[in-house]
Structure formats: C-alpha cells, structure tokens
Amino acid sequence: MSRTERNKNMAKGHHRSAISGRYISSAAAARHPRTSVTESGSGANRSSGTHHRSAITGHFISSAAAARHPSTSVTEQG
C-alpha cells in the first residue's frame, strides 16, 4: 500500500497508541493499525464512569476483557 493510499484510509483526528497511551503520528498509526486508536473531535468523554474500548474493533468491551488484553484496549475516564 502506498503512502497516499494509507493516508486516505486513515481517519482524521488524533492518534494514540493503545500500548503506551501516548499520541503517535499518522504514519505510526498507519503502520500499527491493530494497536492504535484514532480520537475524533475534542477527545472528551462526555459520559460518567470508566469505559473500555478495543483498539482492534473500536467496540466497547468489559473490564474483564480489558484486563485480559491490556495492550489492545484503551480505558477512557468519564
């Protein structure tokens, strides 16, 4: 996949590593799509409580699933 094709496929927003929790570049997010999460908008979680999200599927997951897969899950604080 060429660089321009990869950039077209990447969502716009801030990219974060699910492993380290740090912000990463668009190029790094394209190289590691299974362990990166793209945050759109303001990045604020408007609901209360703690939520866990899979970096691979983007779906919400249970606390037990997040504990089993810490390198591919993101914990969002409300």
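Reference entry: report on the structure contained in this document.

Overview of the overall build of the chain
Then step 1. A tally of regular secondary structure across the chain gives 3 helices and 6 strands.
Then step 2. The N-to-C order of helical and strand elements in the chain reads α-β-β-α-β-β-β-α-β.
Then step 3. For the chain, restricting intrachain contacts to residue pairs at least 6 apart in sequence, the fraction spanning at least 24 positions comes to 36%.
Then step 4. Surface exposure of the chain reaches about 5600 Å², of which carbon and sulfur atoms provide 51%.

Quick word on the pairing of strand S1 (residues 14-17)
Then step 1. Along S1, the buried face is formed by His-15 and Ser-17; none of His-14 and Arg-16, which line the opposite face, is buried.
Then step 2. With 4 bridges joining them, S1 and strand S3 (residues 36-39) adopt antiparallel strand pairing. Residue pairing across strands places His-15 opposite Thr-38, the latter belonging to S3.
Then step 3. Where S1 meets strand S2 (residues 23-24), 2 bridges bridge the pair, whose relative direction is antiparallel. Following the sheet pairing, His-15 is matched in S2 by Ile-24.
Then step 4. Between S1 and S2, which pair antiparallel in sequence order, lie 5 residues; one of them, Gly-21, sits at a positive phi of approximately 85°.

Details of the pattern of salt bridges
Side chains that differ in charge, positive against negative, can pair when their charged atoms come close.
Then step 1. Here the structure, examined in full by the defined rule, presents 2 salt bridges.
Then step 2. Of the charged contacts in the structure, one is a salt bridge between Glu-39 and Arg-16, with a shortest N-O distance of 2.8 Å. Remark: Arg-16 occurs in strand S1 and Glu-39 occurs in strand S3; sequence separation between them is 23 residues.
Then step 3. Of the charged contacts in the structure, one is a salt bridge between Arg-53 and Glu-76, with a shortest N-O distance of 3.3 Å. On the criterion of sequence distance, the pair formed by Arg-53 in strand S4 (residues 50-54) and Glu-76 in strand S6 (residues 73-77) is long-range, its members being 23 residues apart.
Then step 4. Judged by relative accessible area, which is 23%, Arg-53 ranks as partly exposed.

Rules used throughout
- Residues numbered from 1 in each chain as written.
- Predicted model: local features only at pLDDT ≥ 70, side-chain atom pairs only at ≥ 80, totals over all residues.
- Heavy atoms only, no water.
- Helix = DSSP H or I, 4+ residues; strand = E, 2+ residues; numbered from the N terminus.
- Contact = heavy atoms within 4.5 Å.
- Areas by Shrake-Rupley, 256 points an atom, 1.4 Å probe, with all protein chains shown as cover.
- Buried < 20%, exposed > 50% of the residue type's maximum accessible area, 1.4 Å probe, protein only.
- Pairing = 2+ DSSP bridges.
- Salt bridge = Lys/Arg side-chain N within 4 Å of Asp/Glu carboxyl O.

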